[in-house]
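Close look at the chain arrangement
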Amino acid sequence: MDMLLGGSSAAMAGAICNPLEVIKIRMQLQGELQSKGNYNVHYRNVFHATYQVASKDGILALQKGLVPFVCYQFACNTARLGFYQMVSQRGLTKNPDGSVNGLRTLFWAVTCGGVGGVFCSPFFLVKTHLQSKANASIAVDHQHNHSGMIEAFSTIYKEGGIRGLWRGASSMIPRIAVANATQLLTFEKSYGKISFIFMKLR
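Residues numbered from 1 in each chain as written. Predicted model: local features only at pLDDT ≥ 70, side-chain atom pairs only at ≥ 80, totals over all residues. Heavy atoms only, no water.

1. Side note on the environment of Asn-101
- Locating Asn-101 in the fold gives a position in the loop between helix H3 (66-89) and helix H4 (102-132).
- The contacts of Asn-101, once residues within four sequence positions are left out, are Thr-93, Lys-94 and Asn-95.
- Only 3.1 Å separates the side chain of Asn-101 from the backbone nitrogen of Leu-103, close enough to count as a polar contact. (Helix = DSSP H or I, 4+ residues; strand = E, 2+ residues; numbered from the N terminus. Contact = heavy atoms within 4.5 Å. Polar contact = N/O pair within 3.5 Å; in protein donor to acceptor, adjacent residues only side chain to side chain.)

2. Observations concerning the packing of aromatic side chains
- Inspection of every chain in the model, using the stated rule, returns five aromatic pairs.
- Ring centres 5.0 Å apart and planes at 75° place the aromatic pair Phe-107 and Trp-108 in the edge-to-face group.
- A relative accessible area of 49% places Phe-107 in the partly exposed class.
- Given a relative accessible area of 25%, Trp-108 falls into the partly exposed group.
- Between Phe-123 and Phe-153, the ring centres sit 5.6 Å apart and the planes meet at 85°, which makes this aromatic pair edge-to-face. (Phe/Tyr/Trp six-rings, centres within 6.5 Å; stacked < 30°, edge-to-face > 60°. Buried < 20%, exposed > 50% of the residue type's maximum accessible area, 1.4 Å probe, protein only.)

3. What about the packing of H4 against helix H5 (residues 149-165)?
- The N-to-C vectors of H4 and H5 enclose an angle of 125°; their axes lie 11 Å apart at closest approach. Between H4 and H5, the angle falls in the class oblique. Both H4 and H5 take part in a crossing whose hand is right-handed. Residues Ser-121, Pro-122, Phe-123, Leu-125, Val-126, His-129 and Leu-130 of H4 pack against Met-149, Ala-152, Phe-153, Ile-156, Gly-164 and Leu-165 of H5.
- Its residues assigned to classes, the contact of H4 with H5 shows 10 nonpolar, three polar and no charged. (Axes fitted to C-alpha atoms, helices over the stretch in contact; angles between N-to-C directions. Parallel < 35°, antiparallel > 145°, perpendicular 65-115°, else oblique. Left-handed = near helix turned anticlockwise from the far one by under 90°. Nonpolar A, V, L, I, M, F, W, Y, C, P; charged D, E, K, R; others polar.)

4. Quick look at the packing of H3 against H4
- One can describe the packing of H3 onto H4 by two numbers: an axis separation of 8 Å at closest approach and a directional angle of 170°. Looking at the two axes, H3 sits roughly antiparallel to H4.
- In the contact of H3 with H4, the residues fall into 20 nonpolar, three polar and two charged.

5. Observations concerning H5
- Its 17 residues give H5 an end-to-end C-alpha distance of only 12 Å, which falls more than 12% under 24 Å, the value for a rise of 1.5 Å per residue.
- If you look at H5, its biggest bend is around 105°, right at Glu-159.
- All of the buried residues in H5 are Met-149, Ala-152, Phe-153, Ile-156, Gly-164 and Leu-165. (Expected span 1.5 Å × (residues − 1). Bend = angle between axes of the 7 residues up to and from the residue.)

Function cannot be read off these values alone, since they describe shape.
Below you can see the structure in the form of structure tokens.
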């Protein structure tokens, strides 16, 4: 249940933040692999980019890729937090006296983060494909003409097979593993110290 709640919370946050993700993708792709001055500047800043997307593609374009982004957040956080919770409940991150073992926590946090990266990588790929698709007047480089998430998965699979669905996973997995390790190790150590302080104050 905790796994599902954690994943659902992350999915809700993803739904709220998705317009910013669309803008980020559009701005990152602008001028891709081209030297400065050799490409059209469609987006000057985040506010101008928001206006451009809404006016050229329509207001709903700010929620492009919403379904795969929500699925990405749910898959990633359910896996990384859920597996870590199971490991923690079995005492695999603790010393015999119950205190947090830094190295064990780091190892399991990295491992669980990597598992989360494996689960969510295809959704992130599809999300990026959908969010990068723009009106011809502001389009940047190659455009993927997927009509939705299911068609995107189907097209990517036909073109690249199973490996195609995990394109970019070699950078996605370590990114999430490192982020997960940083978050969970910091949390565990901070929580342990704060709990110890409050116990001494009683």
